[in-house]
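# Breakdown of the fold
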Number of protein chains: 2
Amino acid sequence: MSDVPETVRRIRSGDPRTLARTISRIDDGDPSVAQVLRALHTHTGRAHVIGVTGPPGSGKSTLVDKFVGEFRRRGLSVGVLAVDPSSPFTGGAILGDRIRMQSHALDEGVYIRSLATRGHLGGLSGAVMEAVRVLDAAGFDRILIETVGVGQSEVDIVRLADTVVLVSVPGLGDDIQVLKAGIMEIGDVFVVNKSDRDGADRVVREIRSMLETALVNGVTPRALSGAGVADRGGHHIASAARESANAHGYGDAHGLPPVLKTTAETGEGVMPVVDAVEAHRAALEESGLLRERRLRNAAYELRDALGKRLLARLDSPDALARLDALARDVVERRRDVYDAVDALHEALSLEEKHPRR
Amino acid sequence: MSDVPETVRRIRSGDPRTLARTISRIDDGDPSVAQVLRALHTHTGRAHVIGVTGPPGSGKSTLVDKFVGEFRRRGLSVGVLAVDPSSPFTGGAILGDRIRMQSHALDEGVYIRSLATRGHLGGLSGAVMEAVRVLDAAGFDRILIETVGVGQSEVDIVRLADTVVLVSVPGLGDDIQVLKAGIMEIGDVFVVNKSDRDGADRVVREIRSMLETALVNGVTPRALSGAGVADRGGHHIASAARESANAHGYGDAHGLPPVLKTTAETGEGVMPVVDAVEAHRAALEESGLLRERRLRNAAYELRDALGKRLLARLDSPDALARLDALARDVVERRRDVYDAVDALHEALSLEEKHPRR
């Protein structure tokens, strides 16, 4: 446990038990795992990190399973992190995923792992990123992050990937709109799964039309920006990126990301999706966008980790007692929230200036 | 705009334009709205805040629409906040909701509003809570918060409610498991919507069995705890709560929350759900759990707001430049993430000790 060099050696050799134990330590928030992660850092950055997200019922897990098969056929090793956002409290993992993934159970080139989401603010995406680094250092060529849902925390997670596959499905009803509103900035490759169902072509058309509208309105697709988010800069590189994207067969002439149909159950359409993912990566690399995107991701991760670190000040018994007292003041209308936060901020800053430990 | 007492007066009189403008200011992160919220604080705390959540396609919006109708029939005014978690980047609102809600458009006792989710860490639930306070001060008897999805940020939001309605639906496939893993701690009233579909009874049975298993394993249902989360304390009050819950006709003799079937389209089963929500509130109030729960919610909100405040230190140009430089170090493997966070933390703490402004 405490033998860091030996643990690092085993991780780098891809030993499944050491990988499992290390990721469990990350998942449990064990602070001692930091030493291992620090030592791994120089051995990371090689893997292609692919996020796969979409609403419940869109068949993501089956699709991921098929992606794994296709990558294996191409001679690439694959790590899978299935993030279960359902249980911030109980921390359960999705057994179903594991069962479904049994087809790869005896393949040494595949490692599959569920992650619970125990952390609060900043905890989850931080933990996912650390687990990605472990698999990266272990030498997996492709790392798939599967998340359920389209909530903000899931968006935060996929934002940590080099390439994001956004899975949609016919027949989800009006709520499908939810999926569409922000897709331009989220997805690099769009997949309409269960495309044997009625309405698949309509969903494809709707997504295309959303993407076109966004493009007309001057929104840079995530696929052509380093950021993956519409924040500072990055837009100037869009045209260079479009050229190299076209050279690699990713996207269309207008820079619109591909929208592809699949039937994960039968494997139909899976190969073109994997082609698109690979083409996206090649285009990212050639255009310099991969580096841009990783810079943004690192900045995002640092911000996240800093938030976690700063809030850890609340974990002392003294700070918790102060928090409870202030909460009482707010509920009893003696203070408003702003007052209370001021007081809390003040108290914690003072604590930092006169540390007791 | 800058006339705070006048704005407060208009909000308290329920003026729809002032409500809309104030909530927009909250949604946009306009800091000047703080003055208004502070002035409103003593006028809040009266409304019953009800969270409604569930996966995309479960028909939540239609259900919320029917809840509004039923509350109105009972002579209660209703505010609705539809939280759209899809677009942290573009900030779009769900047009569909608004269209569907048109049946209440001319009713002064109803106010409906979509909220985008622009904020980062801690931003979203903070903004929702502020909007709830505005509607609370405006005198709405019931405030419904509708969120799509079951991701962590949505869980965080419903956690701010007095009563949480968790909506499920038959036929979502294996991903429905996601919904089940943590439900015991999330829901107070469970609804299986679209119950005219095949498999509705099976979903009801599955939820009941999940709840029973959790109870046997010593998990206190959210419905009987002040916390709504399995954190510090609160469990001792479960038995008193169960008694008053039974007296009010909420839940069964074992303290299990109700699991009810609805068909939102026709309105079937809506009335018993509203009854259960009202019974839950009455039981919460009588048992003292309402206060407990609000204390927890306030503590949670303060923690949230503090995180936001602390991270705001990153917003200066100097701090951003430092963040970018450190991100570059991480990507180029000159520093690991831990080193970089240490350096960032150090830099920000120093800045605080020697403020430039």
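Residues numbered from 1 in each chain as written. Chains lettered and ligands numbered in written order. Predicted model: local features only at pLDDT ≥ 70, side-chain atom pairs only at ≥ 80, totals over all residues.

### Looking at the overall build of chain A
- Counting its regular elements, chain A contains 15 helices and seven strands.
- For chain A, with 357 residues in total, the buried portion stands at 56%.
- Across chain A, contacts joining residues at least 24 apart in sequence account for 75% of those joining residues at least 6 apart. (Helix = DSSP H or I, 4+ residues; strand = E, 2+ residues; numbered from the N terminus. Buried ≥ 20, exposed ≤ 12 C-beta atoms within 10 Å, placed from the backbone. Contact = placed C-beta atoms within 7 Å.)

### Concerning helix α3 (residues 33-40) of chain B
- Within α3(B), burial applies to B:V33, B:V36, B:L37 and B:L40. The buried residues of α3(B) occupy an angular sector of 95° when projected down its axis, which confines them to one face. (Arc of directions from axis to C-beta.)

### So, the pairing of strand β3 (residues 110-115) of chain A
Residues and elements named next belong to chain A.
- Burial of β3 is extensive: six of the six residues sit out of reach of the surface.
- Judged by which residues are buried, β3 turns out to be covered on both faces: V110, I112 and S114 on one side and Y111, R113 and L115 on the other are all buried.
- Judged from the six bridges that link them, strand β2 (residues 78-83) and β3 form a sheet pairing that is parallel. Bridging from a neighbouring strand, A82 pairs with S114 of β3. (Pairing = 2+ DSSP bridges.)

### Re the environment of A:N246
Residues and elements named next belong to chain A.
- With respect to the helices and strands, the residue N246 is situated in helix α11 (residues 238-247).
- By the C-beta count within 10 Å, which is 16 here, N246 ends up partly exposed.
- Residues N246 and A283, spaced 37 residues apart in sequence, show a C-alpha to C-alpha distance of 8.1 Å.

### Thoughts on the pairing of strand β2 (residues 78-83) of chain B
- With six of its six residues buried, β2(B) lies for the most part within the structure.
- Residues B:V78, B:V80 and B:A82 point to one face of β2(B) and B:G79, B:L81 and B:V83 to the other, with burial holding for every one of them.

### Notes on unusual backbone geometry
All names here are of chain A.
- Residue K194 is not a glycine yet carries a positive backbone phi of 55°.
- Within the element layout of this structure, K194 appears in the loop between β6 (189-192) and α10 (200-216).
- Judged by the 24 C-beta atoms lying within 10 Å of it, K194 falls in the buried class.

### Describing the packing of helix α1 (residues 4-12) of chain A against helix α3 (residues 33-40) of chain A
Residues and elements named next belong to chain A.
- Two elements in contact, α1 and α3, have axes separated by 9 Å at closest approach and are oriented at 55°. By the criterion of interaxial angle, the relationship of α1 to α3 is oblique. Along this stretch, α1 crosses α3, giving a crossing that reads as right-handed. Within the contact between the two elements, α1 uses V4, T7, V8 and I11 and α3 uses Q35, V36, A39 and L40.
- Grouping the constituent residues of the contact of α1 with α3 by class yields six nonpolar, two polar and no charged. (Axes fitted to C-alpha atoms, helices over the stretch in contact; angles between N-to-C directions. Parallel < 35°, antiparallel > 145°, perpendicular 65-115°, else oblique. Left-handed = near helix turned anticlockwise from the far one by under 90°. Nonpolar A, V, L, I, M, F, W, Y, C, P; charged D, E, K, R; others polar.)

### Focus: helix α4 (residues 60-73) of chain B
- With 14 residues, α4(B) extends 20 Å between its outermost C-alpha atoms, agreeing within 8% with the 20 Å of an ideal straight helix rising 1.5 Å per residue.
- Positive phi shows up at B:G75, right after α4(B), with a value of about 80°. (Expected span 1.5 Å × (residues − 1).)

### Some words on the packing of α1(A) against helix α2 (residues 16-28) of chain A
All names here are of chain A.
- Packing of α1 against α2 leaves a shortest axis separation of 8 Å and a crossing angle of 115°. Considering the relative orientation of α1 and α2, their crossing is left-handed. Two secondary-structure elements touch here, α1 through T7, R10 and I11 and α2 through T18, L19 and T22.
- Residue composition of the contact of α1 with α2, grouped by class: two nonpolar, three polar and one charged.

### As for the confidence of the model for chain A
Residue and element names in this part refer to chain A.
- When pLDDT is averaged across chain A, the result is 79; 74% of the residues are at 70 or more.
- The least confident element of chain A, judged by mean pLDDT, is helix α5 (residues 95-100) at 46; the most confident is α1 at 96.
- Taken as a whole, residues 86-100 scores under 50 in pLDDT and shows 44 contacts with residues more than four places along the chain or in a different chain.
- Low pLDDT (under 50) marks residues 174-178, which in the prediction has 15 contacts with non-local residues, meaning those over four places away or in another chain.
- Note on the complex model: pTM 0.72, ipTM 0.79. (pLDDT = per-residue confidence, 0-100.)

### Describing the environment of A:R113
Residues and elements named next belong to chain A.
- Topologically, R113 is positioned in strand β3.
- By C-beta crowding, R113 is classed as buried, having 22 other C-beta atoms within 10 Å.
- Put simply, R113 and N297 are 184 residues apart on the chain and 22 Å apart in space, counted from C-alpha to C-alpha.
- Here R113 is in contact with I23, V80 and L81, once residues within four sequence places are set aside.

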